[in-house]
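# Residue-level structural notes
One letter stands for each residue in the lines below.
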Amino acid sequence: MPERFHWDQLPAGLRAVVEGRTGGVTGIAPVGEGLNCSLAVVIRTRDEGPLFLKGVRTSDPAGLDGLRHEERVNELVRGVGPAIRYRFESDGWRCLAFAHVEGRHVDYEPGTGDLDALTRTARRMYELPAPGVALPRLADRFAAHLRPGEADALQGAHLLHTDTNPHNVLMGASGDAYVVDWAMPALGPAWVDAAYLATWLMTYGHAPEDALAWLVGLPHWREAERTAVEAFVNVTCRSWTAQVGEEDAVLGNAHFRHLLDATRQ
């Protein structure tokens, strides 16, 4: 995880560039979540109100890649994710200022009141336009764990977020759910993000049959071919096992294997 910087630790030149566009910064609220940036703060500004400012040092190639991905897809995800308001590059930093979503993280637990909003957002994600920009393929992310035929099964041209953990889904004051942090997008089958969401519901306590009932109600899932779901489940389980070990991977892998039950519904 990159070293995190506070607003007052940034170069004075960068802070001056930001304030030259947004007006004086009148308040700062650090954002603790996120693994791919060195700066994540909500700034309250005199002219623009609150903005989410995210940045990386230009000497961080991985961080720059993530930030560039967010720039490439931002126009495509309007209505699902917040818009970029400003771009800054100064004093060895590159930063993006996003419209700030005033709200809280999504509640994935049983009995949540957020499920209807999550369903609406999942449907909007399914309707995102095809990217006209180069993005990684989902299969490439699992290259070290693929077996013959699995890469072909995971082909697709749909824009995917791939990391809808609760820190990346915000409930706005309007009651809508917004998906943030598009630093790890991929191209793949249209149903993949919906499948990830179903596994998050299971992770936070939903019975598998309830999470799968939610999943099969989405139009995404009607396009899912069992061979493709099998490839996705198998390669994801191999990848997770390699990251955390057999014992620690058991529960998470079980959630993904339940997706195979949904292909029979």
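So, here's what we can say about the structure. (Residues numbered from 1 in each chain as written. Predicted model: local features only at pLDDT ≥ 70, side-chain atom pairs only at ≥ 80, totals over all residues. Heavy atoms only, no water.)

## Things to note about the nonpolar core
Nonpolar side chains tend to gather and get buried jointly when the protein is soluble and globular. Basically, it comes down to this: Take the buried Ala, Val, Leu, Ile, Met, Phe, Trp, Tyr and Cys residues and link them wherever side-chain atoms come within 4.5 Å; each set so joined is a nonpolar core. Exposure categories follow from relative accessible area, calculated using a 1.4 Å probe and restricted to protein chains: below 20% of the type maximum is buried, above 50% is exposed, and the middle band is partly exposed. Under the DSSP-based scheme used, a helix requires at least four consecutive residues in state H or I and a strand at least two consecutive residues in state E, with every element numbered from the N terminus. Any two residues having at least one pair of non-hydrogen atoms within 4.5 Å are treated as being in contact.
With 41 residues, the main nonpolar core has Trp-191, Leu-215, Trp-221, Phe-232 and Leu-259 as its most contacted residues. For this core, the secondary structure elements donating two or more residues are helix H3 (115–126), helix H4 (138–141), strand E8 (169–172), helix H6 (192–203), helix H7 (208–216), helix H8 (226–244) and helix H10 (259–262). The leading source of residues in this core is H6, at 8 residues. Apart from the residues lying within four places of it in its own chain, the contact partners of Trp-191 are His-220, Trp-221, Glu-223, Ala-224, Ala-228, Val-229 and Phe-232. Counting residues in each nonpolar core, the second largest holds 16 residues, with Phe-5, Trp-7, Val-25 and Tyr-86 among its members.

## Notes on H8
The periodicity of an α-helix, 3.6 residues per turn, causes residues three or four positions apart to be oriented the same way. Put simply, the test is: Helix span, as expected, comes to 1.5 Å for every residue beyond the first.
Over its 19 residues, H8 runs 27 Å from end to end, which matches the ideal 27 Å to within 8%, given 1.5 Å per residue. Listed as buried for H8 are Ala-228, Val-229, Ala-231, Phe-232, Val-233, Val-235, Thr-236, Cys-237, Arg-238, Ser-239 and Thr-241. Where H8 is buried, its residues touch H4, helix H5 (150–153), H6, helix H9 (246–257) and H10. Gly-245 sits one or two residues past H8 and shows a positive phi near 95°.

## Some words on the packing of aromatic side chains
Let me state the cut-off plainly: In summary, the pairing rule links any two rings of Phe, Tyr or Trp, Trp by its six-membered ring, whose centres are within 6.5 Å, and it sorts them by plane angle into stacked for under 30 degrees, edge-to-face for over 60 and tilted for everything else.
Under the counting rule described, the total for this entry stands at 11 aromatic pairs. On the basis of an interplanar angle of 85° and a centroid distance of 5.2 Å, the ring pair of Phe-5 and Trp-93 is categorised as edge-to-face. In this pair, Phe-5 is assigned in the segment before helix H1 (12–22) and Trp-93 in strand E5 (residues 93–99), connecting sequence segments 88 residues apart. Seen in terms of ring centroids, Phe-52 and Phe-98 are 6.1 Å apart; in terms of plane orientation they differ by 35°. Their pairing is tilted. With a gap of 46 residues between them, Phe-52 in strand E3 (residues 49–57) and Phe-98 in strand E5 connect regions that are remote in the sequence. Each member of the aromatic cluster is reached from another via a ring pair, and the members are Trp-191, Tyr-196, Trp-221, Phe-232 and Phe-256.

## Focus: the pattern of salt bridges
Stated formally: Throughout this description, the term salt bridge denotes a Lys or Arg side-chain nitrogen within 4 Å of a carboxyl oxygen of Asp or Glu.
Tallied over the entire structure, the rule returns 14 salt bridges. In this structure, the salt-bridge partner of Arg-46 is Asp-47, at a minimum N-O distance of 3.5 Å. The exposure class assigned to Arg-46 is exposed, which follows from its relative accessible area of 59%. A relative accessible area of 52% places Asp-47 in the exposed class. Between Arg-226 and Glu-230 there is a salt bridge, with the nearest N and O atoms lying 3.2 Å from each other. Highlighted residues: Arg-226 and Glu-230, both in helix H8, separated by 4 residues, approximately one helical turn. Linked by salt bridges that have partners in common, Glu-71, Arg-87, Glu-89 and Arg-94 make up one network.

## Focus on the sheet that holds strand E4 (residues 84–90)
So the rule is basically this: The pairing criterion is simple: DSSP has to find at least two bridges between the two strands. In this description, a line fitted to the C-alpha atoms serves as the axis of each element, helices being fitted only across the stretch in contact, and the angle between N-to-C directions of two axes falls anywhere from 0 to 180 degrees.
Taken in spatial order, the 5 strands line up as E1-E2-E3-E5-E4 in an open sheet, and their pairing is antiparallel. If you trace the sheet from one side to the other, it starts and ends with strand E1 (25–30) and E4, each paired once. Mean inter-strand twist for the sheet, computed between neighbouring axes without regard to direction, equals 25°. With 7 bridges joining them, E3 and E5 adopt antiparallel strand pairing. Bridging across to E5, Gly-55 finds its partner in Cys-95. In this fold H1 packs onto E1, strand E2 (39–45), E3, E4 and E5, with an angle of close to 150° to the strand it touches most, E4. With respect to the sheet, helix H2 (residues 61–73) is in contact with E3, E4 and E5, its orientation differing from that of E5 by roughly 35°.

## Let's talk about the sheet that holds strand E6 (residues 103–105)
Strand order in the open sheet formed by 3 strands is E6-E8-E9, with antiparallel pairing between adjacent strands. Both outer strands of the open sheet, E6 and strand E9 (177–179), are each paired with one neighbouring strand and no more. Looking at each pair of strands side by side, their axes are set apart by 35° on average, direction ignored. For E8 and E9, the ladder comprises 3 bridges, and the chain directions are antiparallel.

## What to know about the side chain of Glu-70
Heads up, the condition is: Contacts described as polar in this section are N or O atom pairs within 3.5 Å, which, within protein, must combine one atom able to donate a hydrogen with one able to accept it, while residues neighboring in sequence count only if both atoms come from side chains.
With respect to the helices and strands, Glu-70 occurs in helix H2. At 3.3 Å, the side chain of Glu-70 forms a polar contact with the backbone nitrogen of Trp-182. Non-local contacts of Glu-70, meaning those with residues more than four positions away in its chain, are made with Lys-54, Ile-84, Leu-96, Phe-98, Asp-181, Trp-182 and Ala-183.

## A word on the environment of Tyr-178
By the element assignment, Tyr-178 lies in strand E9. Relative accessible area serves as the criterion here: at 21%, Tyr-178 is assigned to the partly exposed category. Taking C-alpha positions, Tyr-178 is 9.9 Å from Val-77, a pair spaced 101 residues apart along the chain. In contact with Tyr-178, other than residues within four places in its own chain, are Gly-79, Val-80, Val-101, Asn-168, Val-169, Leu-170 and Gly-172.

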